[in-house]
Amino acid sequence: MTYRQRLRAVVEARGALVVGVDPHPGLLDAWGLPRTASGLERCARGLVEAIGDVVAVLKPQSAFFETYGSAGIAVLERVLADIRSHGALSILDVKRGDIGSTMDAYADAYLADGAPLAADAITISPYLGFGSLQPAFERAVANDRGVYVLARTSNPEGGQVQLALGEDGSVVQEIIDAAAELNRKLPTRAIGLVVGGTHANLGCDVSEFNGSILVPGIGVQGGRLEDLPGLFGDAVRHVLPSVSRGVISAGPDPVALRRRVLDLLAT
Ligand SMILES: O=C(O)c1cc(=O)[nH]c(=O)n1[C@@H]1O[C@H](COP(=O)(O)O)[C@@H](O)[C@H]1O
């Protein structure tokens, strides 16, 4: 099955929600865990254990694992395996983007069958040029995985680059249109977008976009689930809202974590 087919099936069964696995240092403190790889492991795997069978997608943030070097990366490998074993999909948030030969290696690291850090999908950055991401597109299609291209990010600084005017309109619109064009040529529609849910208006048009749209920024950054239909219009059918701190802050009690997810799913 392609990534889109797996995504559709799990979203139909569990609802459209992504929970971010963001075990930041303050969270380890709040959960009474040490700021070590073993504290990281208990936090991240505890979260997946608590909610992995009710949420459609879990999105580990690589940075919080990289902090602990090879021990943290080993934890990330186990977290990815846990997500699979609970029947959820994984979007590994690595925001990679580089020149062709290096991008090729990133694609092998995250989108190749059997790679230790392989995920169902990853986040990638087009700001070295959309075409530089070609190896990731090819690997995603070949291996039934997905990619989410950063378009309009949730942070206030993003507009400096994303809303700048290029030859054919804003930079972000060129990215969105290039992703849509590529999806039209691909049978798997493996190319998704990242569009933050924090903006009063998006400042770009996603109405013609034909892939999955990851929408972070819900909760602590100020985005609200109730506002998504107004913000995205008809494209809301493609939207996967993503909440990290807004869920994980309910822990470490697994019952409270689960309740937080079920409340969000009922919104
Ligand atoms: O790609 C992302 O997930 C992402 C894109 C974006 O535009 N903004 C954004 O906050 N994120 C990620 O979403 C997570 C933050 O989620 P909250 O804790 O819910 O605010 C972090 O892992 C961010 O890296």
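All of these numbers come straight from a predicted model, not from anything done at the bench. (Residues numbered from 1 in each chain as written. Predicted model: local features only at pLDDT ≥ 70, side-chain atom pairs only at ≥ 80, totals over all residues.)

Visitor: Which residues make up the overall build of the chain, and what values go with them?
Guide: Scanning the chain from terminus to terminus reveals 12 helices and 10 strands. Computed over C-alpha atoms, the radius of gyration of the chain comes to 17 Å, within 12% of the 18 Å expected from 2.2 N^0.38 for 267 residues, which places it in the range of a compact globule. Overall, the chain is about 50 × 40 × 35 Å in size when its C-alpha atoms are taken along their principal axes. Long-range contacts, defined here as pairs at least 24 residues apart, represent 72% of the contacts in the chain between residues at least 6 apart. (Helix = DSSP H or I, 4+ residues; strand = E, 2+ residues; numbered from the N terminus. Rg over C-alpha atoms; globule rule 2.2 N^0.38 Å. Contact = placed C-beta atoms within 7 Å.)

Visitor: Explain helix H9 (residues 171–185) residue by residue, including any values.
Guide: With 15 residues, H9 should cover 21 Å at 1.5 Å per step; its first-to-last C-alpha distance of 22 Å lies within 8% of that length. For H9, the set of buried residues is Val171, Val172, Gln173, Ile175, Ile176, Ala179, Leu182 and Asn183. Buried residues along H9 sit against helix H7 (134–142), strand S5 (146–152), helix H8 (159–162), strand S6 (165–166), strand S7 (169–170) and strand S8 (191–195). (Expected span 1.5 Å × (residues − 1). Buried ≥ 20, exposed ≤ 12 C-beta atoms within 10 Å, placed from the backbone.)

Visitor: Tell me about the site of the ligand, and name the residues and values.
Guide: In the vicinity of the ligand lie 20 residues, with Gln61, Thr153, Ser154, Ser244 and Arg245 positioned nearest. When contributions to the shell around the ligand are tallied by element, the ones reaching two or more residues are strand S10 (239–243) and helix H11 (245–248). For the shell around the ligand, the residue count by class is four nonpolar, 13 polar and three charged. (Near = placed C-beta within 6 Å. Nonpolar A, V, L, I, M, F, W, Y, C, P; charged D, E, K, R; others polar.)

Visitor: Got a sec to walk through the nonpolar core? Specific residues and values, please.
Guide: If you look at the biggest cluster of nonpolar residues, it comprises 81 residues, and the most contacted ones within it are Ile122, Val147, Val149, Ala151, Leu193 and Ile213. Among the elements that make up this core, the one with the highest residue count is helix H3 (residues 37–51) (seven residues). Residues in contact with Val147, not counting those within four places in the same chain, are Ala121, Ile122, Ile124, Ala136, Phe137, Ala140, Ala190, Ile191 and Gly192. (Core = buried A, V, L, I, M, F, W, Y, C linked by C-beta atoms within 7 Å.)

Visitor: Help me get a handle on the packing of H3 against helix H12 (residues 254–266), residues and values and all.
Guide: Put simply, H3 and H12 touch, their axes get as near as 9 Å, and they point 60° apart. Relative to H12, the element H3 lies oblique. The handedness of the crossing between H3 and H12 comes out as right-handed. Where H3 abuts H12, its residues Leu47, Ala50 and Ile51 lie against Pro254, Leu257, Arg258 and Val261. Taken together, the residues that form the contact of H3 with H12 break down as six nonpolar, no polar and one charged. (Axes fitted to C-alpha atoms, helices over the stretch in contact; angles between N-to-C directions. Parallel < 35°, antiparallel > 145°, perpendicular 65-115°, else oblique. Left-handed = near helix turned anticlockwise from the far one by under 90°.)

Visitor: Outline the sheet that holds S5, supporting the account with residue identities and numerical values.
Guide: Read around the closed barrel, eight strands run S1-S2-S3-S4-S5-S8-S9-S10, paired in parallel fashion. Going from strand to strand, the sheet's axes swing by 30° on average, the running direction of each strand aside. Where helix H5 (residues 69–85) meets the sheet, its contacts fall on strand S1 (18–21), strand S2 (57–60) and strand S3 (89–96), and the angle it forms with S2 comes to roughly 175°. (Pairing = 2+ DSSP bridges.)

Visitor: Report on the UniProt feature "domain: Orotidine 5'-phosphate decarboxylase" (unreviewed entry) in the chain, specifying residues and quantitative values.
Guide: The UniProt feature table records "domain: Orotidine 5'-phosphate decarboxylase" (unreviewed entry) at residues 16–260. With 40% helix and 18% strand, residues 16–260 has end C-alpha atoms that lie 15 Å from one another. (UniProt positions renumbered as here; feature names shortened; annotations may be inferred.)

Visitor: Could you give an account of the pairing of S2, naming the residues involved and the relevant values?
Guide: Covered by surrounding structure in S2 are Val57 and Lys59 together with Leu58 and Pro60, the residues of both alternating faces. With four bridges connecting them, S1 and S2 associate as parallel partners. Paired with Val19 across the strands is Leu58, a residue of S2. Direction of pairing for S2 relative to S3: parallel, over a ladder of two bridges. Across the sheet, residue Leu58 finds its bridge partner in S3, namely Ser90.

Visitor: Give me the lowdown on H12, citing residues and values where you can.
Guide: For H12, which comprises 13 residues, the first-to-last C-alpha distance of 18 Å matches the rise-based estimate of 18 Å (1.5 Å per residue) to within 8%. Where H12 is concerned, the buried positions are Leu257, Arg260 and Val261. Looking straight down H12, one finds its buried side chains confined to an arc of 95°; they lie on one side. Turned more than 90 degrees away from the buried face of H12, the exposed residues are Val255, Asp263 and Ala266. Where H12 is buried, its residues meet S1, H3 and H11. (Arc of directions from axis to C-beta.)

Visitor: So, the pairing of S3: which residues are in play, and what are the values?
Guide: The element S3 is extensively covered by neighbouring structure, given that seven of its eight residues are classed as buried. By the bridge criterion, three bridges tie S3 to strand S4 (residues 121–124) in an arrangement that is parallel. In the sheet register, Arg96 faces S4, and the bridge partner there is Ile124. A crossover links S3 with its parallel partner S4, the connecting element being helix H6 (residues 100–111), and its sense is right-handed. (Right-handed = clockwise from strand over helix to strand, strands pointing away.)

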